[in-house]
Amino acid sequence: ELLPVDQRPRSLTPGHTLHHLLAQTSGIPNYHDDEDPTWASFLSCWDRVPSYHVRRPADMLPLFAELPAVFPPGERYQYSDANFILVGLILEAVTGRAFSAVIAEEVFEPAGMADTAFEALDEDPPRLATGYLTSEGPYDSWRSNIFGVTAIGMPDGGMITTPVDLARLVDALVGERLLSPGLTSAAMSPQGPPSDAIEQYGYGCMLAVTDGEVGVIGHGGSDPGVSALVSHYPAAATTTVVLCNQDRGAGAAALEIARAFGLSDPRG
């Protein structure tokens, strides 16, 4: 009931809570096919809603508003970008402010993230690296991602940032400067049904779990022309951040860094 009626997708039910959205257990469908190993499904979104028109979270709703649920809320963990779109819309409904303004005040400022913002790409943000879609052809023939991402970052990704600022974000989260102790612990603990899978999910945090112990806290992400992986190793009090202006590469680089520093990472 936190969302206005016209912002409630068909798959949202009275049984859904913020817990389901933040824990990625909602069963709300993604707006693209996660099983597609290419960018075809994701890029086809912009045939339905031109990417240059997507400037606020509500602009993403037509991509999944009429899709049926994948499973009942709480049944299992399955990542869906649409969950975070709805969280962004809830923030706007509750605060009466733009999602980007809420995040800037409640996250970026207390975390000291001075080089991070949600900026429109057509305003030519300074120091923004051009993203490239990799291919089998020579690198100088790779296409940029100018038509592959939204005009401005959305709640499910796309903010402009730096590795240093992302490390500051981790420090602020772990140091309980963003959330209460209880919510901090919940964010960094598995929130789905009991599982022996290595990949599990907290509240907004991707976790690597072995024998019930959380060994890595962070998140990865990719868009056409962009890949990223943030990893915090609690036992070693160490954080690694890899950002790449290609749509692959961050994960492999992050694991190589972990090996070089002798960090135990069950993901590889």
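Scroll up to find the structure.
Since the model is a prediction, treat every value here as computed from it, not as a measurement. (Residues numbered from 1 in each chain as written. Predicted model: local features only at pLDDT ≥ 70, side-chain atom pairs only at ≥ 80, totals over all residues. Heavy atoms only, no water.)

Let's shift gears to the pairing of strand β6 (residues 226–233). By the criterion of burial, β6 is predominantly enclosed, with 6 of the 8 residues buried. Looking at chain direction, strand β5 (residues 213–223) and β6 are connected through 7 bridges and run antiparallel. Bridged to Gly221 within β6 is Ala228. Turn length for the β5-β6 hairpin, with the two strands adjacent in sequence and antiparallel, is 2 residues, and the turn residue Gly225 shows positive phi of about 85°. The pairing of β6 with strand β7 (residues 238–244) spans 7 bridges and is antiparallel. Residue pairing across strands places His232 opposite Thr239, the latter belonging to β7. Where β6 hands over to β7, the hairpin turn is made up of 4 residues, of which Ala237 adopts a positive phi near 50°. (Buried < 20%, exposed > 50% of the residue type's maximum accessible area, 1.4 Å probe, protein only. Helix = DSSP H or I, 4+ residues; strand = E, 2+ residues; numbered from the N terminus. Pairing = 2+ DSSP bridges.)

With 33 residues, the main nonpolar core has Tyr31, Trp46, Met60, Leu63, Phe64, Leu86 and Leu89 as its most contacted residues. Secondary-structure elements contributing two or more residues to this core are α2 (40–48), α3 (81–95) and α4 (99–111). With 7 residues, α3 is the largest single contributor of residues to this core. Not counting residues up to four positions away in its chain, the partners in contact with Phe64 are Pro9, Pro29, Tyr31, Ala82, Ile85 and Leu86. (Core = buried A, V, L, I, M, F, W, Y, C linked by side-chain atoms within 4.5 Å. Contact = heavy atoms within 4.5 Å.)

Looking now at a nonpolar patch on the surface. Together, Leu2, Leu18 and Val94 make up a nonpolar patch on the protein surface, roughly 260 Å² of accessible area in all. Take Leu18: it is sitting in helix α1 (residues 18–22). Look at Leu18 and you get partly exposed, because its relative accessible area is 37%. (Patch = residues over 30% accessible without salt bridge, like charges linked within 9 Å, V, L, I, M, F, W, Y side chains within 5 Å. Areas by Shrake-Rupley, 256 points an atom, 1.4 Å probe, with all protein chains shown as cover. Salt bridge = Lys/Arg side-chain N within 4 Å of Asp/Glu carboxyl O.)

Attention now goes to the sheet that holds β5. Taken together, 5 strands build an open sheet; the order of strands is β3-β4-β5-β6-β7 and the sheet is antiparallel. Looking along the sheet, the strands with just one partner apiece sit at the ends: β3 (199–201) and β7. On average, adjacent strands in this sheet sit at an angle of 25° to one another, irrespective of strand direction. Of the strand pairs in this sheet, β3 and strand β4 (residues 206–210) are connected by 3 bridges, and their pairing is antiparallel. Note that in β4 the partner of Gln200 across the bridge is Leu207. (Axes fitted to C-alpha atoms, helices over the stretch in contact; angles between N-to-C directions.)

Here Glu1 shows up in the segment before α1. Remark: the alpha-carbon pair of Glu1 and Ile90, spanning 89 residues in sequence, is separated by 9.5 Å.

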